[in-house]
Structures are given as structure tokens and as C-alpha cells.
Amino acid sequence: MTTPSKLGVAFLSLFGLPFLGVGLFAAYSFLNTPNQPLSTRIGAAVFAPVFAIIGGGLIFGSFYGYSLQKKQFEMQQAQPASPWLWREDWAAGRAESKKAKVLGWWIGAVLLNMLSLPFVVGTFDQAIETRNPSYIVPFIFGLMGLLVFVGAIRATIRRERFGKTYFELASLPFAPGGRMAGSIHLQMNSDAAHGVDLKLTCFRRVVTSAGKNRASQQVPLWEASKNVPAAAFQRGPMDTAIPVEFHLPAEAFQTSHDSLDDQVFWQLNASADVPGVDYSDEFEVPVFRGGATATSFGTANAFAGATETNGFSASRIPEELSEEVAEPARHKVMVEDSPGGLEFRFRPARNIGRTLLVVVLAVAVSALFYGMLTSKARTPFFAYGVVGFLDFFLILAVIHTALTATRITVGNGQISWKKSILGIGGTHQLQISEVDSIAAVTSIQQASSSGSTLYSLRLRSKAGRVLTMVDEIESREEARWIVAKIEKRAGLRASTQVEVLDSPFYGPPPQPGSAPTRRSLVSR
């Protein structure tokens, strides 16, 4: 337990006070500056209060944070052996939605637009007059502010439509080897034709390195999913209850927040396609040993068909083996029989969000690099090198993500795969008799370089060669389903377990009461 300190409050308050004073003084000065166009004065006056808001936020946040830390410390002292009672919502038998909080969206939208709009307005005339591509950078900055503003509007609409959603716990806490059960409560006046998709995930968040190189990595440990049909919804006069039930493996890791640099989370995700704004939610749930035994939630539609993976290592993870994996309701691979065998076709740009992000970044950096090359201003050679290398790798990312297609064929005693760019590429093939295994894999790099975990399909030959057939598969269930169909068609031993690579560097995940392992977490 960490005792709240008033020293931090004093330090943050003193640090924020100059920002508050300078921001207010600058806003007043800009508004009263003579011999300046009105638009320039207004833009500067809009930009300056950002510093005042930051300063005021630091002062307010320090006092508010201290009160929260003091309350948290009192709860920990009252129940030192029951960490599942250290959160108000858990102690009340529920898990509040992470997406129901709209205030943060609006604060971010207001601050970002106050910073970006003056730049956009101030450079608009020069951009039109000179047509210099480097001016695309402030416009992209402005576009980011607009996107956050749209996100704030969507979050507000979602809150008004679905209400303050929460997950009601059937037991406290949930125990490894038992059931994670309960019900999601929300306002759902429209029909969800495809039901609600649920996913329960255990992941590890690790902070690596230190100082300026500090970075957060998210490592998947376990995952299971199911679909709750609309017929199973329990509609009442106040809200709609979505039944939830998952089985937890006996050797599952527990929730752990003892160290901010190495934590274990259990998260329940819910999503549904409904008219208008789609429903999506996230709830953190408590999984601990030594608590109350999980009680049954009256749901007849128990989870079936998903293999549950626990733990992680560079070798295969002990997991239930399944000869048949249900076809995901939505998948991006196209599967069809052909004269050559069973074909799996992965089209280019299949991950739209990731593709758009890479293309926008590549265009922006390319425009900046072109502007640097054509500008008459003297630019350090080092800047050319940094921007040029970044542009080069972003262009490669665009080629890989937006233009590369993959086709895997299983039949006639062999497995072949072809990666092509605009139809041009080479084919790799291997006799089935030479194949040892095919597995869906993920890694720390794949799990942290994007907003969601990505999976690859890797073939291991009996000679020890490891070959990647396709990558950037967004869905774990889709990856497992593809592996199951390939192994069934090839006559290989059916195994749909998922491997997680590169994780031994971090050591075992932290568990409540265990000794800290910070040395294994920080890269020197």
C-alpha cells in the first residue's frame, strides 16, 4: 500500500501555477495587441488559454487525485487481503463501463482544437498562395482535432442511447477454475439482429525501458468469445440485461495491479450491430483466488466452441485441442475449393482502419520530405536523413498493408502460398509430408504496434524451418478457424492452440503476493 503524499499536491500545484498565469496574461495581451488583424488576435487568444487550462487542470487534478488516493488507501486498509473490494464498483457487485465516460472525450476535443485551429487558420492563406506541400502537416493536425471532436459527439450519442451501462457480477470475485458470469445492463430499444458478441480477454500490460524510451507493451494471455442471440436478452421496464457466462481455466492468472509497470487485466468486451451508432463496451472484471466461489448465472446458452489459452511462452501453450472450430460470424478471408485444392485468399487492404492510418501518415511525411527538398531554407542534413528514413519505412508499410495479397492453397499433397503485390510475386510450396505443424501466433510486437492484437500463420517444417504464410489477421477466432481447416484438409494433427512469441524476456506475469520482478521488465 502506498500512503498518499501531500508533497505531490504541492509540487504539481506549483508547477501548474506559472502555466495558469502565463496563459491568462497571454490571452489578455493578444486580444489587446494593436496593429494586428482581428483574426490573428482571436487565433492567438484562442491558443493561449490552453496553457491556462493545463495549469488549472494540474492544480485541480493534484487535489482531486490526492482525495482519490486517500480514499483508495482507506479501502485497502479496511480490506488488506481482498483487493477485489478496493474498487467501489466491484465492491457494489458491478463493473462500470470504460466507454460510458464522455467528459474525457470533450476535454480532449476542446484542448486539441484550441491548439490546432489557430495553426490551420494562420497558415491557410500561405498554403493557398505558395502551394507548399509541407503545409499539409498543420492541416493533418487540424484533422486530428476534428476526428476527436467527432469521437466526442459519437460518445455523447452512445451515452444518450444506451445509458450508463454496467456489468452486474454474479459473484465477487470470479475464481480461476470457476465461471465468470453476470449480465450487462443497458438501454436497448432497437433489435440486434445478430445478437451481442462477447469476448473475455486476459492480457498483460508491461512498461519497458525508462525515461524517454519508456513504452507500454500489451501481451495477450488468454481469450474466449461467444455470441448471445437476441432471444436470450432479458428485457425489463428499466433496461435490457445481456446474460454473460464464460468458464475460466483453473491455472488462469489473477488480476494484478500491484505494480504500475507490470499489470494483469481481465476485460470483457461487448459489441452489437444496431441501427445508428453501434453498441460497444468494455468492462474490467475481478479474477482472484481465495475469494467467494463463483455462483451460477441462470443462462442456458453456455459458451461452447472456443478453445481457451492460458499463460504464454515461446513454445506451445497447454490448451484444449479441437478438431472442429466454428466458423466466425464475420471473417475477412475468402475460402473456396479449386482444382488445386482448398484456397484461402487474403485481399489487400483488408484491415481498413490500419490501412488508412498508414496511408495518411505516409502521405503526410512524404509531403513534408518533398517540402524540405524543394524549400530554399537551409535544413540540417540530419533532418533529411530522419524524415527520409521514416518516409521510406512508411512507404514499405503502405505496400505491405494496402497492396499485398496472399493466397494459400492446400491440396494435391502439398501446401503452397503466394504473396503478391498488384499480382506480381513468387510462390512457396512444401510437401505435406514435410510439414510438422501450422500454428496461429502472435507476439509482443504484433500485440502492441496496433490498437488490437494481430495474428500470423506460421508453418514449421520437420527440418526445423519456420515460415510465415500470412500475417495481419485481426481476429484470433478467424486465425484458429483457418488453421483448423488447413490441418483438416492436409490431414495434419488437429491443434488450434495459439502461440505467443518473444515473451520469455519479461518473465512470469506478476501475481498478488509474489515478489516484484522489475529487473526483468526494464530494458537496460
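All figures in this text were calculated on a predicted structure; none of them were measured in a lab.

**Topic: the side chain of Arg158**
Point 1. Looking at the secondary structure, you find Arg158 in helix H6 (residues 136-162).
Point 2. Judged by relative accessible area, which is 6%, Arg158 ranks as buried.

**Looking at the nonpolar core**
Across soluble globular proteins, nonpolar side chains show a tendency to be buried alongside one another.
Point 1. Ranked by size, the top nonpolar core spans 38 residues in total, and within it Phe167, Met180, Ile184, Leu200, Trp266 and Leu268 carry the most contacts.
Point 2. It is strand S9 (residues 262-272) that contributes the most residues to this core, 5 residues altogether.
Point 3. Filtering out sequence-adjacent residues up to four positions away, Ile184 remains in contact with Tyr166, Phe167, Leu198, Thr240, Ala241, Ile242, Val244, Leu268, Ala270, Tyr279 and Phe283.
Point 4. Counting residues in hydrophobic clusters, the runner-up holds 29 residues, among them Ile408, Val410, Ile415 and Trp481.

**A short note on the sheet that holds strand S2 (residues 166-169)**
Point 1. Taken together, 5 strands build an open sheet; the order of strands is S1-S2-S3-S7-S6 and the sheet is antiparallel. Looking at strand neighbours, the two that pair on one side only are strand S1 (94-96) and strand S6 (234-235), the edges of this open sheet.
Point 2. The pairing of S6 with strand S7 (residues 240-247) spans 2 bridges and is classified as antiparallel. Among the inter-strand pairings, Arg235 is bridged to a residue of S7, identified as Thr240.

**A look at helix H3 (residues 49-78)**
Point 1. Here H3 is 30 residues long and its end C-alpha atoms lie 43 Å apart, about the 44 Å a rise of 1.5 Å per residue gives.
Point 2. When we look at burial in H3, the residues that qualify are Val50, Ala52, Gly55, Ser62, Tyr66, Phe73, Met75 and Gln76.

**So, the pairing of strand S15 (residues 427-431)**
Point 1. One ladder, built from 5 bridges, connects strand S14 (residues 414-421) with S15; its direction is antiparallel. Following the sheet pairing, Trp417 is matched in S15 by His428.
Point 2. The antiparallel pairing of S14 with S15 creates a hairpin that spans 5 residues between the two strands, and Leu422 there sits at a positive phi of about 55°.

**Overview of the pattern of salt bridges**
When the charged atoms of two side chains lie near each other, side chains of opposite charge can form a pair.
Point 1. In this structure the tally under the stated criterion is 11 salt bridges.
Point 2. Across the pair Arg204 and Asp262 runs a salt bridge, and its minimum N-O distance is 2.7 Å. Taken as a pair, Arg204 in strand S4 (residues 196-208) and Asp262 in strand S9 lie far apart in primary sequence, 58 residues in all.
Point 3. Close ionic contact of Glu472 with Arg354 constitutes a salt bridge, the shortest N to O distance being 3.2 Å. Taken as a pair, Glu472 in strand S18 (residues 466-473) and Arg354 in helix H7 (residues 352-374) lie far apart in primary sequence, 118 residues in all.
Point 4. When its relative accessible area of 10% is taken as the criterion, Glu472 is described as buried.
Point 5. Residue class for Arg354 comes out partly exposed when judged on its relative accessible area of 25%.
Point 6. Shared partners join several salt bridges into a network, and the residues in it are Arg87, Asp89 and Glu284.

The rules we used
Residues numbered from 1 in each chain as written. Predicted model: local features only at pLDDT ≥ 70, side-chain atom pairs only at ≥ 80, totals over all residues. Heavy atoms only, no water. Helix = DSSP H or I, 4+ residues; strand = E, 2+ residues; numbered from the N terminus. Buried < 20%, exposed > 50% of the residue type's maximum accessible area, 1.4 Å probe, protein only. Core = buried A, V, L, I, M, F, W, Y, C linked by side-chain atoms within 4.5 Å. Contact = heavy atoms within 4.5 Å. Pairing = 2+ DSSP bridges. Expected span 1.5 Å × (residues − 1). Salt bridge = Lys/Arg side-chain N within 4 Å of Asp/Glu carboxyl O.

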